[in-house]
Amino acid sequence: MDNLIKGAIKFMQEDFKEHQELFMSLKNKQNPHTLFIGCADSRVIPNLITNTGPGELFVVRNIANIVPPYRVGNDYLATTSAIEYALSSLHIKNIIVCGHSNCGGCAALYNQEALKDAPNVKKWLMMLEPIKEDVLRFASNDLAMRSWLTEKLNIVNSLQNLLTYPGVQKALDEGKIELHAWYYIIETGEIYEYDFKAKIFVLIENKGKK
Ligand code: ZN
């Protein structure tokens, strides 16, 4: 904890002062251009991997970067509420769903024992059961292939679920919003983007060269 306290002091005394004007300009209102939906994993740092600063990204993070289908529920729907707010009040221009390599949430789908003390996580991951069934048909024994497929199908599934949110399809048709699906590889720093036409993930720097 000492490191965190020292970090807070350094922020107040040094980092904040360096960007004081920016923070002052953001005092009364945020106007983020992008809704970033990522995994809660500590290794996925939205601002770092997009080279963005305060005020640019509206970030939603949960276990395994899952976008649930839209519904108005009686329970407390954190992810759905945040996405709904970004669309209805912030009028964001881009949505990025960013999955990542070696995702513990995706892996836990295949290890129910690991979730015996986490009933809410287990329930949350039930949204990925159809993906698990598909993956097991293709790669039941190949663990690397299983993770790779699950992580990527999950990203595409989240993207599809975004289309169930009010106004998303209309905004897409009118060219007011762009949807992007990314796959971030932790150990190489590479980011792949889903190509909707080719239905494959393409390294971002190579996009457009094909
Ligand atoms: Zn993850």
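- As annotated in an unreviewed UniProt entry, the chain is Carbonic anhydrase from Campylobacter sp. CCS1377.
- For the chain, the Function (unreviewed entry) comment in UniProt is given as "Reversible hydration of carbon dioxide."
- One UniProt comment on the chain, placed under Catalytic activity (unreviewed entry), says "hydrogencarbonate + H(+) = CO2 + H2O".

**Some points on the sheet that holds strand S3 (residues 94-100)**
Thought 1: The strand order across the open sheet formed by six strands is S2-S1-S3-S4-S5-S6, and the pairing between neighbours is mixed. Whereas interior strands pair on both sides, the edge strands pair on one side only; in this sheet they are strand S2 (57-62) and strand S6 (200-203). Along the sheet, successive strands turn relative to each other by an average axial angle of 30 degrees, direction set aside.
Thought 2: Across six bridges, strand S1 (residues 34-39) lies against S2 in parallel orientation. When the sheet's bridge partners are listed, Thr 34 is paired in S2 with Leu 57.
Thought 3: The strands that helix H4 (residues 78-88) touches are S1, S2 and S3; relative to S2, the one it contacts most, it runs at about 165 degrees.
Thought 4: Sheet strands touched by helix H8 (residues 143-162): S1, S3, strand S4 (178-184), strand S5 (191-195) and S6. Its angle to S4, the strand with the most contacts, is close to 165 degrees.

**Structural notes on the pattern of salt bridges**
Thought 1: Under the counting rule described, the total for this entry stands at seven salt bridges.
Thought 2: Of the charged contacts in the structure, one is a salt bridge between Asp 117 and Lys 116, with a shortest N-O distance of 3.8 Å. As far as the burial class goes, Asp 117 and Lys 116 line up, both exposed.
Thought 3: The network of salt bridges with shared partners includes Lys 170, Glu 174 and Lys 176.

**Things to note about the pairing of S5**
Thought 1: Buried residues dominate S5, accounting for four of its five residues.
Thought 2: Relative to S5, S4 runs antiparallel, the two being bridged by three bridges. Bridge pairing in S5 places Trp 182 opposite Glu 193.
Thought 3: Hairpin connection, S4 to S5: the antiparallel pair is bridged by six residues, and Gly 189 has positive phi, about 80 degrees.
Thought 4: Two strands pair when backbone bridges link them, and S5 and S6 are joined in this way by four bridges, in the antiparallel orientation. Paired with Asp 195 across the bridge in S6 is Ile 200.
Thought 5: Connecting S5 to the antiparallel partner S6 that follows it, the hairpin turn spans four residues, and Lys 199 within it adopts a positive phi of roughly 55 degrees.

**Regarding the nonpolar core**
Thought 1: By size, the foremost hydrophobic cluster in this structure holds 29 residues, and its most contacted members are Leu 35, Ile 37, Ile 83, Leu 87, Ile 92, Ile 95 and Leu 162.
Thought 2: Discounting chain neighbours no more than four positions away, the residues touching Ile 95 are Leu 35, Ile 37, Leu 87, Leu 162, Ile 177, Glu 178, Leu 179 and His 180.
Thought 3: Among the nonpolar cores identified, the runner-up in size contains 15 residues, and Ala 64, Ile 66, Leu 125 and Ile 131 belong to it.

Rules and cut-offs
- Residues numbered from 1 in each chain as written.
- Predicted model: local features only at pLDDT ≥ 70, side-chain atom pairs only at ≥ 80, totals over all residues.
- Heavy atoms only, no water.
- UniProt positions renumbered as here; feature names shortened; annotations may be inferred.
- Pairing = 2+ DSSP bridges.
- Helix = DSSP H or I, 4+ residues; strand = E, 2+ residues; numbered from the N terminus.
- Axes fitted to C-alpha atoms, helices over the stretch in contact; angles between N-to-C directions.
- Contact = heavy atoms within 4.5 Å.
- Salt bridge = Lys/Arg side-chain N within 4 Å of Asp/Glu carboxyl O.
- Buried < 20%, exposed > 50% of the residue type's maximum accessible area, 1.4 Å probe, protein only.
- Core = buried A, V, L, I, M, F, W, Y, C linked by side-chain atoms within 4.5 Å.

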